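Descriptive structure summary
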Amino acid sequence: MTTILVTGGTGTLGRLVTERLRVDGHEVRVLSRHTRPYAVDLREGGPGLDAALAGVETVVHCASSPRGGDEQAADHLIAAARRAGVGHLVYISIVGVDRVPFGYYRSKLAVERRIEESGLGWTVLRATQFHDLVVTVLRGLAKPPVVLVPAGVPDQPVEVAEVADRLAELALAAPAGRVPDMAGPEVRTFDSLARAYLRATGRRRPVVGLPLFGKTYRAFRAGGHLAPEQAVGKGTFEEYLARRFGQ
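An account of the accompanying structure is given in this report. This is a predicted model, so every value here is computed, not measured. Per chain, residue numbering runs from 1 following the sequence as it is written. Only residues with pLDDT of at least 70 get local features here, since the model is predicted, and only at 80 or more are side-chain atom pairs given and counted; chain-wide, interface and lining totals rely on the full set of residues. Only hydrogens and water are set aside when side-chain values are computed; all heavy atoms of the structure are taken into account.

**Some thoughts on the overall build of the chain**
Tallying secondary structure elements over the chain gives nine helices and ten strands in all. In terms of overall dimensions, the chain has C-alpha extents of about 55 × 40 × 35 Å along its principal axes. Looking at the chain as a whole, 51% of its 247 residues are labelled buried. When checking whether two residues touch, look at their non-hydrogen atoms; a contact exists if any pair is within 4.5 Å. Within the chain, contacts between residues separated by at least 24 positions form 81% of all contacts whose residues are at least 6 apart in sequence. Throughout, the Shrake-Rupley method with a 1.4 Å probe supplies accessible areas, and for residues the shown protein chains are the sole cover considered. Roughly 11,400 Å² of accessible area belongs to the chain as shown, and the carbon and sulfur atoms make up 53% of that amount. A positive count includes Lys and Arg, and a negative count includes Asp and Glu. His and the chain ends are not counted in either. Each charge is placed at NZ for Lys, CZ for Arg, CG for Asp and CD for Glu. Of the charged side chains in the chain, 32 are positive and 26 negative, and the gap between their average positions amounts to 8 Å. Secondary structure elements are defined from DSSP: runs of H or I of at least 4 residues count as helices, runs of E of at least 2 residues count as strands, and each element is numbered from the N terminus. Only protein chains enter the accessibility calculation, which uses a 1.4 Å probe. A residue is then buried if its area is under 20% of the maximum for its type, exposed if over 50%, and partly exposed in between.

Structure below.
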């Protein structure tokens, strides 16, 4: 069986990837900042990273932070993977990183380019936003008496478990380069997602579209983060809400 390292293996996606690979009988090491025996901060690297990669054939790189540091983390991971003779590096990215001038997206694109130029065998999968992330955003927006959402912005959320299945499949295959994007089954307006969330949580709030400004807003409004031609996900937002909130 293959020995696989999953970075960010305790996170929303990484935890599910780890579970799927272990069910298939593979040895999976989980790397995160606080989980022993491979407690490593990728932004710092160090001997612990080399120990985590010793004997590893494939790395699934799920660790990421909107607060910054992804590029530095990728540099450390790639260098250590080269030293360890890793044969395959699988990376999860985001649909639209090359079209939406959002800081976090730019960082994800920079990591993609580092991986492509790493000299390692590599696979990159871009996915749309997870249902979990959409709910996190909406929870914050729904705290005031009026829910203000960015006017005219669509979204295409995908079920994280389905992305985990796809990543596990890619990890067990040969390096494939940039594979087709993975997107949720429906392109929705953000206000419709907000109303669905309010119904599922039993709250009454008016939902108002708020026009914004700037290149990033225009890119999101134009659907730069969507992949309607790759609507391969099956789970809908309402199905996710029903499971999570018991409606």
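**Points about the sheet that holds strand β2 (residues 27-31)**
Pairing between strands requires that DSSP locate at least two bridges from one strand to the other. Spatial ordering of the open sheet is given by β2-β1-β3-β4-β5-β8, a layout of six strands whose pairing is parallel. Edge positions in the sheet fall to β2 and β8 (177-178), since each has one partner strand and no second. Here strand β4 (residues 88-94) pairs with strand β5 (residues 122-127) via six bridges, running parallel. Paired with S93 across the bridge in β5 is R126.

**Considerations on the pattern of salt bridges**
Take a side-chain nitrogen of Lys or Arg and a carboxyl oxygen of Asp or Glu: if they are within 4 Å of each other, that pair is a salt bridge. Tallied over the entire structure, the rule returns 15 salt bridges. Two residues, E71 and R114, come together in a salt bridge whose shortest N-O distance is 3.6 Å. Residue E71 is found in helix α3 (residues 70-84), and its partner R114 is found in helix α4 (residues 103-116); the two are separated by 43 residues along the sequence. The shortest N-O distance in the salt bridge between R126 and D98 comes to 3.2 Å. Here R126 is found in strand β5, whereas its partner D98 is found in the loop between β4 and α4, with 28 residues between them in sequence. Overall, the relative accessible area of 4% leaves R126 in the buried class. Each of E71, D75 and R114 takes part in one network of salt bridges that share partners.

**Some points on helix α9 (residues 237-245)**
Within the span of α9, buried status applies to F237, Y240 and L241. The arc that holds the buried residues of α9, viewed along the axis, is 100°, so those residues lie on one side. Tucked into the core, α9 has its buried residues touching α5 (131-141), β9 (188-189) and α7 (190-200). Taken from the residues just after α9, G246 is the one with a positive phi, measuring 70°. By construction, the arc corresponds to the directions joining the helix axis to the C-beta atoms.

**Some remarks on α3**
Residues that lie three or four places apart on an α-helix share one face, since the helix turns once every 3.6 residues. A helix is expected to span 1.5 Å for every residue after the first. Between its first and last C-alpha atoms α3 spans 21 Å; for 15 residues at 1.5 Å apiece the expected length is 21 Å, and the two agree. Of the residues making up α3, those classed as buried are D70, A73, A74, L77, I78, A80 and A81. Turning to α3, the residues buried within the fold contact β1 (3-7), α2 (47-53), β3 (58-61), β4 and α4. Of the residues one or two after α3, G85 is the one with positive phi, at around 75°.

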